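Observations on the three-dimensional arrangement
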Amino acid sequence: MTKMATREAYGKALVEFGKDPNIVVLDADLSKSTFTMLFQKEYPERHFNMGIAEANMMSVAAGMSTCGKTVFASTFAIFAAERALEQVRNSICYPNLNVKVCATHAGISVGEDGASHQCVEDLAIMRAIPNMRVISPCDAASTRLAIRAAIETPGPFYVRLGRLSVEGVYGEYGDETEFTIGKANTIREGKDITIIATGLMVQQSLGAAEILKEKGIDARVLDMHTIKPIDTDAVEKASKETGAIVTVEEHNILGGLGGAVAEAAAETTPCIMKRVGMRDTFGKSGKPEGLLKIYGLTAEDIAIEVEKTYARKMSLAK
Amino acid sequence: MDNSKEKKLKLFAANVRKLVIEAVYSAQSGHPGGSLSSADIFSYLYGDKLRVDPLNPEDPKRDRFVLSKGHCAPGLYAALSHRGFFDTCKIKEFRQCGSMLQGHPCRACVPGVDMSTGSLGQGISAAVGMAMMGKLDGASYRVYALMGDGELQEGQVWEAQMSAAHYKLDNLTAFIDFNGLQIDGKTDDVMSLGSIEAKTRAFGWHTIMIDGHDFSQIEAAVEEAEKTKGQPTMIVAKTHKGKGVSFMEDQAGWHGKAPNQEQYEMAMAELDAALAALEVEA
Ligand SMILES: Cc1ncc(C[n+]2csc(CCOP(=O)(O)OP(=O)(O)O)c2C)c(N)n1
Ligand SMILES: [Mg+2]
């Protein structure tokens with residue numbers, strides 16, 4: 001399967017679904033990096049560069065949507081979710097407007113640019129805003145489906161996209177049964193423990209499950225592509241059926257996927273848990289693959305944490 | 001402007017001012033100063049200029065108005081209700097639990113409110129977005145926005161101005177309520193604005209300085225904006241904060257304070273007298 005970054009899949013999806021004349025796309029001097037340039041080439045009259053002014057861009061997007069448009073606003077995650085946070089909150093989410101904030105270069109896999117550009121807080125921040133839906137697709141195919149779902153569902157969305165090319169999980173054109181907002185996909189069955197992952201940690205978690213298989217641990221893997229609304233049913237089922245959950249995200253362990261899953265489990269069926277992610281620290285410069293190693297986010301690292309968590313479950317069962 | 005139109009607008013404004021005081025007094029909370037300084041601008045727009053229909057507030061062809069200085073919601077609500085978007089008796093419910101009249105404008109709550117605002121600096125950007133879509137769709141509607149002078153201290157306002165000039169939004173007209181005051185005192189003491197006129201001009205806007213309490217000047221400026229091609233227009237309206245209630249005039253202290261009963265009665269007596277004088281003239 002060909003590798004592709006979710007940001008590129010986003011740009012392609014904009015072109016594919018962008019025939020609709022009500023779709024407009026905004027960017028803040030990063031259209032080559034966010035891939036909205038693909039849409040710009042196809043539909044130049046509906047692509048607007050707003051310059052390096054993210055706060056203005058978000059409120060402009062809000063105003064446009066009041067005129068009946070479906071508005072995509074793109075920049076790097078750090079600037080979308082943090083520089084322009086209050087605009088996203090007050091201009092877009094409070095009036096419940098039809099703006100899709102599609103933020104690329106999330107997480108530490110941004111690589112060489114370093115901590116100033118590695119957003120590891122956006123899931124937590126965006127999830128806390130009423131009316132906002134938060135999607136974090138793992139591969140090109142699910143990104144395409146996520147963009148289609150965002151277009152079909154009125155209201156604000158935050159879609160978290162990556163810079164790094166990633167292996168396909170779902171095949172080049174996954175069918176629509178594989179993506180429902182708020183519904184986790186079970187991509188590997190297992191009975192001993194459940195790994196709940198999001199974004200490019202899904203691929204790493206599948207790798208971890210393979211390593212664990214050799215050690216006799218049968219791990220289930222869920223792709224939690226929707227962080228909000230979180231799939232409480234899937235979490236409860238994982239808790240009941242496997243008795244232990246490990247969450248894996250390329251994000252701070254505070255308030256993101258791990259937080260959302262822990263909340264869902266706590267209010268349904270609590271179980272042994274471990275959150276794998278950035279341990280309340282900023283990232284650094286380096287090759288993405290090297291950084292994933294440094295911060296314990298490779299398949300091997302995940303497998304170690306899952307094994308430890310499984311051991312905790314077994315010792316409690318005694 | 002002919003006499004009868006001016007009379008009509010003065011009556012509209014006198015009613016708006018009374019409703020502002022009613023709202024803030026009933027709520028014992030809210031912002032009278034800036035609502036009163038903008039009352040004549042609200043009245044010109046809702047009493048005459050805007051092509052809006054209280055029976056069809058969502059009409060896609062309507063002119064838009066964004067109150068970027070959202071704290072002056074009492075002025076906007078007064079104008080909307082006086083224009084017939086909702087019953088004026090609702091004004092007494094301003095800021096109360098269960099009321100549609102939120103402390104700051106909420107577009108999902110109140111018919112005729114085009115954008116939710118309250119966080120200074122954001123409304124002007126939303127107005128830019130509306131004007132851009134008017135251009136894209138080849139629509140004939142015009143977009144109006146109203147900012148405070150203190151609000152100009154927000155960086156986003158300048159981002160918005162840059163983008164409006166870049167996209168040549170000649171369908172966008174913005175007002176600055178240049179009353180010289182903000183919460184902590186004079187704008188020039190809190191954070192000097194320098195020459196607003198020179199700044200907005202340098203940002204690519206056609207800029208007009210007027211007396212914001214003179215309807216002929218407001219109208220002339222708005223009509224000049226309509227004729228201006230290839231750039232947005234900024235109308236810098238010199239005003240008096242608290243205009244119409246003498247003890248509130250030019251006082252920073254009346255920015256966000258409600259009158260007590262005695263002050264309410266004094267304010268209403270003055271506004272009623274002004275209204276009666278206008279009615280006698282008519
Ligand atoms: C972003 C933001 N910061 C602070 C405030 C609090 N605030 C409300 S009104 C105001 C002063 C506004 O002054 P000005 O724009 O001159 O308005 P006016 O004099 O017309 O009332 C401030 C600081 C706010 N609403 N939004
Ligand atoms: Mg002021």
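Remember, it's a predicted structure, so these values are computed and weren't measured experimentally.

**So, the environment of Trp158(B)**
Residue and element names in this part refer to chain B. Here Trp-158 lies in helix α6 (residues 155-166). A residue is classified by how much of its surface remains accessible, and Trp-158, at 16% relative accessible area, is buried. Considered as a pair, Trp-158 and Phe-203 are 45 residues apart in the sequence and their alpha carbons are 7.9 Å apart. Ignoring any residue separated from it by four or fewer positions in sequence, one finds Trp-158 in contact with Leu-152, Lys-199, Thr-200 and Phe-203.

**Focus: the coordination of the magnesium ion (ligand 2)**
All names here are of chain B. The protein atoms donating to the magnesium ion (ligand 2) are Asp-149 (OD), Asn-179 (OD1) and Leu-181 (O), with metal-donor distances spanning 2.1 to 2.2 Å. Binding-site remark: the magnesium ion (ligand 2) is held by donors from one chain whose sequence spacing is D-x29-N-x1-L. Of this pair, Asp-149 sits in the loop between β2 (143-148) and α6 while Leu-181 sits in strand β4 (residues 181-182), placing them 32 residues apart in sequence. Across this residue pair, the class does not change: Asp-149 and Leu-181 are buried.

**Quick word on unusual backbone geometry**
Leaving glycine aside, a negative phi is the common case for residues, and trans is the common case for peptide bonds. The step from Lys228(A) to Pro229(A) runs through a cis peptide bond, and the omega angle for that step is 0 degrees. Tracing the chain through its elements places Pro229(A) in the loop between β12 (226-228) and α10 (232-242). We note that Asn96(A) has phi near 55 degrees; this positive angle belongs to a residue other than glycine. Inspection of the secondary structure puts Asn96(A) in the loop between α6 (85-93) and β5 (99-104). Taking relative accessible area as the criterion, Asn96(A) reaches 41% and is therefore assigned partly exposed. Positive phi, close to 50 degrees, is recorded for Lys168(B), a residue that is not glycine. Its place among the elements puts Lys168(B) in the loop between α6 and β3 (172-178).

**Concerning the interface of chain B and chain A**
With 24 residues of chain B at the contact, the number on the chain A side is 25 residues. The salt bridge involving Asp137(B) is made with Lys69(A); its shortest N-O contact spans 2.8 Å. Counting residues per element, the ones that place at least two in the side of chain B that touches chain A are α5 (122-136) and α6 of chain B. A per-element tally of the side of chain B that touches chain A places α5(B) first, with nine residues. Of the residues contributing to the side of chain B that touches chain A, the split by class is 11 nonpolar, eight polar and five charged.

**What to know about the state of the cysteines**
Counted under the stated rule, the structure contains one disulfide over all chains. One disulfide bridge connects Cys106(B) with Cys109(B), the sulfur atoms lying 2.2 Å from each other. Sign of the S-S torsion, about 65 degrees for the bond between Cys106(B) and Cys109(B), identifies this disulfide as right-handed. The thiol of Cys138(A) is unpaired, and the distance to the nearest cysteine sulfur, on Cys102(A), comes to 16 Å.

**Some details on the packing of helix α9 (residues 201-214) of chain A against helix α13 (residues 299-317) of chain A**
All names here are of chain A. Remark: α9 packs on α13, axes separated minimally by 8 Å, with the N-to-C direction vectors making an angle of 60 degrees. The orientation of α9 relative to α13 falls into the category oblique. The handedness of the crossing between α9 and α13 is right-handed. In contact with Met-201, Gln-204, Ser-205, Gly-207, Ala-208, Ile-211 and Leu-212 of α9, α13 contributes Ala-299, Glu-300, Ile-302, Ala-303, Val-306 and Glu-307. Class assignment for the residues of the contact of α9 with α13 results in eight nonpolar, three polar and two charged.

**Quick notes on the side chain of His47(A)**
Residue and element names in this part refer to chain A. Note on placement: His-47 falls in strand β3 (residues 47-49). Owing to a relative accessible area of 8%, His-47 belongs among the buried residues under this scheme. Side-chain polar atoms of His-47 contact the side chain of Thr-36, separated by 3.0 Å. Excluding its chain neighbours within four sequence positions, the residues that come into contact with His-47 are Val-25, Asp-27, Ser-31, Thr-36, Phe-39 and Gln-40.

Reading guide: rules and limits
Residues numbered from 1 in each chain as written. Chains lettered and ligands numbered in written order. Predicted model: local features only at pLDDT ≥ 70, side-chain atom pairs only at ≥ 80, totals over all residues. Heavy atoms only, no water. Helix = DSSP H or I, 4+ residues; strand = E, 2+ residues; numbered from the N terminus. Buried < 20%, exposed > 50% of the residue type's maximum accessible area, 1.4 Å probe, protein only. Contact = heavy atoms within 4.5 Å. Donors = N, O, S within 2.8 Å, 3.2 Å for Na, K, Ca; no water. Salt bridge = Lys/Arg side-chain N within 4 Å of Asp/Glu carboxyl O. Nonpolar A, V, L, I, M, F, W, Y, C, P; charged D, E, K, R; others polar. Disulfide = S-S within 2.5 Å. Axes fitted to C-alpha atoms, helices over the stretch in contact; angles between N-to-C directions. Parallel < 35°, antiparallel > 145°, perpendicular 65-115°, else oblique. Left-handed = near helix turned anticlockwise from the far one by under 90°. Polar contact = N/O pair within 3.5 Å; in protein donor to acceptor, adjacent residues only side chain to side chain.

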